[in-house]
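# A structural walkthrough
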Amino acid sequence: MEETFAQLESLKQQTKQTLPQCWLLDTLRDKKKWMGKTGCFPCVGAVAYFNGIERAFVDPGPTHSALFDLLQHENNIEGCVLVTPIEPDSSEITGLVTLAKKKKIGAVCFGSLHPSSKQENVALSSLRKKGIKVFYLYCDDEVAEADRRFWIWASQERSYVHLKISLTADGMVVPIPGQKSRLAGAESRKRIHRLRGIYDGLLIGGNTVRQDNPQMTYRGDEDLPQPRKIILSRSGTFDPNLAAFQEEQPLVCADDDLLHLTRQFAKQNITSILVEGGWQVYKAFIAQQVLDEVSLVWTKKLGNLRSLKLPGRLPYGTMMQVGEDIWEIIRWPAHTTGRASPQRTSL
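Let me sum up the structure you'll find in this document.

## Overview of the side chain of histidine 162
- Looking at where histidine 162 falls in the secondary structure, it is placed in strand E6 (residues 160–167).
- Histidine 162 sits in the buried class, given a relative accessible area of 1%.
- Once you skip the residues sitting within four places of it in the chain, histidine 162 turns out to touch Leu195, Tyr199, Ile273, Leu274, Val275, Glu293, Val294 and Ser295.

Structure (structure tokens):
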């Protein structure tokens, strides 16, 4: 046991990159299978170590279900160090303390504190009061990036905002009144539909709804839920025969203050929003800096006389080939309050 503590103390002195690779990010493997299925909860796994050797592992699941599964069903974890990426919220503390004492856990390690400003390290203090050793591994940046949408929702109390912008090869957005302004290729459209399936809300401007008549639905091959349809419109008047108004009725909003609007969405457990246009909507989100991720879909097509330049200035992102298109992904760090320094991230 003491050897494990010594290893942890040694690792805490090393770079942040070394620690997650050795311990913390082990608890996040197979995370992708939960993408879009945990709602407003983090995707959390758990690992039990004894003298640096993995004794038990539970796949990530919604909330801290994996952590509790491990404590309830694993019998060979007495004296182990339990590692989980994020501190549980206040509603889970009593159960965690009870199970940790019952199974005689040697120590509990949290990669990061809970991102909610209302949390105030409840788990750390509760466990220590019961005589359970607790380590905080200072990996908030890494954990935040692994669960970006949850982290933004919990720390900033607003929806995570992802702009998907299809562009011509010469950098134009092409509105063509009365026609579907489809630019992206077939493989890109598959990727776009998957994005719709893993985001809680799909937001489009009123003019785009009237001109393009989109269905605003997920139509992919995976078993993913339909996003909540959201339309930004000052007038709020639409032809009820439009495709977006069939089956589930859209949420029509007229608020120009996008930060306030995304906070209202968050209260309704719409924790993440995919924004698909049009030009005026992109312009508003970029101008107000209410955005966490931008996907620029560069196509081979050229603009026409009705083309509009991409609104605002965006930094360079990470490039990837998707069929005949190039996707450029720009992500702002999830753990910083400033929005001025987007980062390149591996995809």
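## Thoughts on the packing of aromatic side chains
- In total, this model carries three aromatic pairs according to the counting rule given.
- Ring centres of phenylalanine 150 and tryptophan 153 lie 6.2 Å apart, and the angle between their planes is 45°; this geometry places the pair in the tilted category. In this pair, phenylalanine 150 and tryptophan 153 are both assigned in helix H7 (residues 148–156), three residues apart and thus about one turn of the helix distant.
- Judged by its relative accessible area of 8%, phenylalanine 150 is buried.
- Between the NZ or CZ atom of arginine 149 and the centre of the ring of tyrosine 199, over which it lies, the distance is 4.6 Å.
- When the ring centre of tryptophan 327 is taken as reference, the NZ or CZ atom of arginine 191 above it lies at 4.9 Å.

## Some remarks on the side chain of lysine 229
- By the secondary structure assignment, lysine 229 is in strand E9 (residues 228–232).
- Nearest to the buried, unbridged lysine 229 among oppositely charged side chains is glutamate 248, at 5.4 Å.
- Here alanine 244 takes part through its backbone oxygen, which lies 2.8 Å from a polar atom of the side chain of lysine 229.
- Of the polar contacts made by the side chain of lysine 229, one reaches the backbone oxygen of glutamine 246; its length is 3.3 Å.

## Examining the sheet that holds strand E12 (residues 293–298)
- The sheet built from eight strands is open, its strands ordered E10-E9-E8-E11-E6-E12-E15-E14 with mixed pairing. Strands at the two margins of the open sheet, each flanked by one partner only, are strand E10 (251–253) and strand E14 (318–322). Shown here is a sheet whose adjacent strand axes are inclined to one another by a mean of 25°, direction ignored.
- Judged from the three bridges that link them, E9 and E10 form a sheet pairing that is parallel. Bridging from a neighbouring strand, isoleucine 231 pairs with valine 252 of E10.
- Relative to the sheet, helix H11 (residues 279–288) contacts E6, strand E8 (201–205), E9 and strand E11 (272–275), its axis offset from that of E6 by approximately 135°.

## Considering the nonpolar core
- Counting residues in hydrophobic clusters, the biggest one holds 39 residues, and the most contacted among them are Val209, Met216, Phe245 and Trp327.
- No other element matches the five residues that H7 contributes to this core.
- Once you skip the residues sitting within four places of it in the chain, tryptophan 327 turns out to touch Lys164, Ser188, Arg191, Ile192, Leu195, Ser295, Leu296, Val297, Thr318, Met319, Met320 and Val322.
- In terms of nonpolar packing, the next biggest core, distinct from the first, is built from 26 residues, Leu167, Leu203, Leu232 and Ile273 among them.

## Let's talk about the environment of proline 88
- Checked against the element boundaries, proline 88 lands in the loop between strand E3 (81–86) and helix H4 (93–102).
- Between the C-alpha atom of proline 88 and that of leucine 113, which follows or precedes it by 25 residues, the distance is 8.3 Å.

## What to know about helix H5 (residues 122–129)
- Listing the buried residues of H5 in full gives Ala123, Leu124 and Leu127. On an axial view of H5, the arc spanned by its buried residues comes to 100°, and they lie on one face.
- Next to the buried residues of H5 lie H4, strand E4 (107–112) and strand E5 (133–136).
- Glycine 131 sits one or two positions beyond H5 and adopts a positive phi of about 80°.

## Points about the environment of glutamate 276
- One can find glutamate 276 in the loop between E11 and H11.
- Distance from glutamate 276 to arginine 196, taken between C-alpha atoms, is 9.8 Å for residues 80 residues apart in sequence.
- Discounting chain neighbours no more than four positions away, the residues touching glutamate 276 are Lys164, Ile192, Arg196, Leu202, Leu203, Ile204 and Tyr282.

Cut-offs and rules
- Counting from 1, residues in each chain are numbered in the order their sequence is written.
- Only residues with pLDDT of 70 or above have their local features reported here, since the model is predicted, and side-chain atom pairs are shown and tallied only from 80 upward, although totals for entire chains, interfaces and linings are computed over all residues.
- Hydrogens are left out, water is left out, and the side-chain values use all remaining heavy atoms of the structure.
- For helices the rule is a DSSP run of H or I covering at least 4 residues; for strands it is a run of E covering at least 2, with both sets numbered from the N terminus onward.
- Burial classes follow relative accessibility: with a 1.4 Å probe on protein chains only, a residue under 20% of its type's maximum area counts as buried, one over 50% as exposed, and anything between as partly exposed.
- The contact rule is simple, with two residues in contact once any of their heavy atoms fall within 4.5 Å.
- Any Phe, Tyr or Trp ring, taking Trp's six-membered ring, that has another such ring centre within 6.5 Å forms a pair; planes under 30 degrees apart are called stacked, those over 60 apart edge-to-face, and the others tilted.
- We count a charge as sitting over a ring when the NZ of a lysine or the CZ of an arginine lies within 6 Å of the ring centre and within 35 degrees of the ring normal.
- Positive: Lys, Arg. Negative: Asp, Glu. His and the chain ends are not part of the count.
- Criterion for a salt bridge: a side-chain nitrogen of Lys or Arg within 4 Å of a carboxyl oxygen of Asp or Glu.
- Polar contacts, as counted here, are pairs of nitrogen or oxygen atoms within 3.5 Å of one another; within protein the pair requires one atom able to donate a hydrogen and one able to accept it, and residues that are adjacent in sequence qualify only if both atoms are side-chain atoms.
- For two strands to pair, DSSP has to find at least two bridges joining them.
- Lines fitted to the C-alpha atoms define the axes, with helices restricted to the stretch that makes contact. Angles between their N-to-C directions range from 0 to 180 degrees.
- Buried Ala, Val, Leu, Ile, Met, Phe, Trp, Tyr and Cys residues that are joined via side-chain atoms within 4.5 Å together make up what is termed a nonpolar core.
- Taking the helix axis as origin, the arc is that swept by the directions to the C-beta atoms.

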